[in-house]
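# A closer look at the structure
Residue-level listing of the chains:
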Amino acid sequence: MEPRKILTRHENNPLIDPADYPGIISAFNPSPFELNGKICLLVSTTNTNKENNFRETFLAESTDGIHFTLSGTPLVDRSSIKDPVVKALGGIIDNRITKIDDFYYFVSPQGTWEVGHQGCVSVLYKTRDFIDIEFVEVISLPWQRGCSLFPGKINGKYYRLDRPGEGAMKSGIWISSSPDLIHWGCHRPLLSPGYAIWNGLKIGPTPPIEVDEGWLVITHGMDIPDNSMHYYIGALLLDKENPQHILGKTNSYLLAAEKDYEMFGHVNHVVFPTGAIIKAESDEILIYYGAADTRVCLASGSLSRVIEACKKEL
Ligand code: BMA
C-alpha cells in the first residue's frame, strides 16, 4: 500500500485546540506515552503575552486517546531546579519521552540564548509519577534538537538519536551511546537529509519503538518547495542488535500538511511528530502530532504497513 494512504486522520482533529485554554495561544508537538492505562501527552505550549512570555510543557491525559484534559500548570517547576544556568534556559517544548525501567525520561531542546549563547541544548529530566520531576543533566552541546532515547540498553549501552543543527542548516540524524544516560560519545551520522524530496533540508527522529522487525522510528522531514518550510512525517527501521544499521526507510512521506488545521497557524504547513504509541495486538500505530505549530492532532493506521513501507522503501 502507498505510504501516504496508510494513516487516517482522526475525525475529531484537532484533539487539543488552544482556543479551549485561555492564556495559551498554541498547544502542539505532543510527546505520547502510556501511564496507568491512560494515554498521556507532554504538550508544548506557548503564550506570547509580552508580560508573561512562556514556552512550557503541560501534561494532557485521556482514557480513550481522543478526549484530553490539559493540566492547569506547567509540568516542570523551574523553581525546583538548583543550577542557576539551567534554571534560566529557554522554554521547555518539543520533548521526546522514553520509559526506561521504572522511570520516564524526557529530553527537551532548551534554548541557550537566555544565558548569552546560541542554539538549543538537550536537557534530560526524569520522573516516575509526573508529580515530582527531576532535572538530571544537560547532555549535549548547543545546536542540538530532537534527542530521542532508546528504551533500554542494547548490548550493555544506552543509545540515543539526535538532530544536530538549527534554522536553515542542513540537519540529519546522528546516533551515539552512553554507559549511564549522562555521558555520551561514539557519535556517528546515521541518516543525512535529502534522501527524498520531502526531507531535502532536514530529517529528525522521535524515540525508537521496539517492534519484532527492529526499532521503528517515526521521523520528521522538512523541505522548502516554494520558499516556505513544509514539514512531513516519515518512518525509519533500525536493526535491533545494531541500531547504527538502517534496515529501511519510507521513501515517500506518511503524512503531509493538507488539512486547513495543518496548513494554517503559527507556522504554516507543519505536521510534526514527537513520538508514537503502538498497539501491537490490534496492529495499530497512533501518531500524535503538532499541526501548524498550533494544535494537537492524531493520525493512525496499520503498524505492519508502516513497517512494510520501511522495509520495502516504498
Ligand atoms: C522545528 C521546531 C519545532 C517546530 C518545527 C516546525 O525546528 O522548532 O518546534 O514544530 O520546527 O516549525
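Up top is the structure these notes are about.
The structure reproduced in this document is the subject of the present report. (Residues numbered from 1 in each chain as written. Predicted model: local features only at pLDDT ≥ 70, side-chain atom pairs only at ≥ 80, totals over all residues. Heavy atoms only, no water.)

## What to know about the overall build of the chain
From N to C terminus, the chain includes three helices and 23 strands. Whereas a compact globule of 314 residues would reach a radius of gyration of roughly 20 Å, the chain reaches 18 Å, a difference of no more than 12%. When burial is assessed residue by residue, the chain has 59% of its 314 residues classed as buried. For the chain, the centre of its 29 positive side-chain charges and the centre of its 38 negative side-chain charges are spaced 4 Å apart. (Helix = DSSP H or I, 4+ residues; strand = E, 2+ residues; numbered from the N terminus. Rg over C-alpha atoms; globule rule 2.2 N^0.38 Å. Buried < 20%, exposed > 50% of the residue type's maximum accessible area, 1.4 Å probe, protein only. Lys, Arg positive; Asp, Glu negative; His and termini not counted. Charge placed at Lys NZ, Arg CZ, Asp CG, Glu CD.)

## Some remarks on the state of the cysteines
This model, assessed by the stated rule, comprises zero disulfides. Here Cys40 is not disulfide-linked; the sulfur of Cys297 is the nearest cysteine sulfur, at 19 Å. (Disulfide = S-S within 2.5 Å.)

## Let's talk about the sheet that holds strand S10 (residues 144-149)
Whether parallel or antiparallel, the strands of a sheet pair through hydrogen bonds between backbone atoms. Overall, antiparallel pairing links the four strands, which are arranged S10-S11-S12-S13 in an open sheet. Here the strands that pair on one side only, and so sit at the sheet edges, are S10 and strand S13 (185-191). Along the sheet, successive strands turn relative to each other by an average axial angle of 25 degrees, direction set aside. Where strand S11 (residues 158-164) and strand S12 (residues 173-178) come together, five bridges link them in antiparallel fashion. Counted as the bridge partner of Leu161 is Ile175 from S12. (Pairing = 2+ DSSP bridges. Axes fitted to C-alpha atoms, helices over the stretch in contact; angles between N-to-C directions.)

## Overview of the site of the ligand
In the vicinity of the ligand, the contacting residues are Asn29, Asp94, Arg145, Tyr231, Val267, Val270, Phe272 and Asp293. Here Asp94 contributes a side-chain N or O atom positioned 2.5 Å from an oxygen atom of the ligand. Within the side chain of Tyr231, a nitrogen or oxygen atom sits 3.1 Å from an oxygen atom of the ligand. Protein coverage of the free-state accessible area of the ligand, which is 310 Å², stands at 84%. When atoms are counted within 2 Å of each cavity's grid points, the one that captures over half of the ligand is the largest pocket. Tallied by class, the residues present in the shell around the ligand amount to four nonpolar, one polar and three charged. (Near = heavy atom within 4 Å. Polar contact = N/O pair within 3.5 Å; in protein donor to acceptor, adjacent residues only side chain to side chain. Areas by Shrake-Rupley, 256 points an atom, 1.4 Å probe, with all protein chains shown as cover. 1 Å grid on protein atoms, 1.4 Å probe; cavity = no way out; pocket = protein on both sides within 12 Å on 5 of 7 lines; lining within 4 Å. Sits in = over half its atoms within 2 Å of the grid points. Nonpolar A, V, L, I, M, F, W, Y, C, P; charged D, E, K, R; others polar.)

## Side note on the nonpolar core
For soluble globular proteins, nonpolar side chains are generally found buried alongside one another. The biggest cluster of nonpolar side chains holds 28 residues, and the ones touching the most others in it are Leu216, Ile285 and Tyr289. Elements supplying a minimum of two residues to this core: strand S15 (209-211), strand S16 (214-223), strand S17 (230-238), helix H2 (260-263), strand S22 (284-291), strand S23 (295-302) and helix H3 (303-311). Residue contributions to this core peak at five residues, all from H3. Counting residues in each nonpolar core, the second largest holds 19 residues, with Cys40, Leu42, Ile92 and Tyr125 among its members. (Core = buried A, V, L, I, M, F, W, Y, C linked by side-chain atoms within 4.5 Å.)

## Some thoughts on the sheet that holds strand S3 (residues 38-47)
Spatial ordering of the open sheet is given by S2-S3-S4-S5, a layout of four strands whose pairing is antiparallel. The open sheet terminates on both sides in strands that have one partner only, identified here as strand S2 (26-35) and strand S5 (69-70). Alignment of S2 against S3, held across eight bridges, turns out to be antiparallel. Considered in S3, the bridge of Ser26 is made with Thr46.

## Some words on H3
Those residues of H3 not exposed but buried are Leu303, Val306, Ile307, Ala309 and Cys310. Down the axis of H3, the buried set is contained in an arc of 160 degrees. They therefore lie on one face. Downstream of H3 by a residue or two, Glu313 has a phi angle that is positive, lying close to 50 degrees. (Arc of directions from axis to C-beta.)

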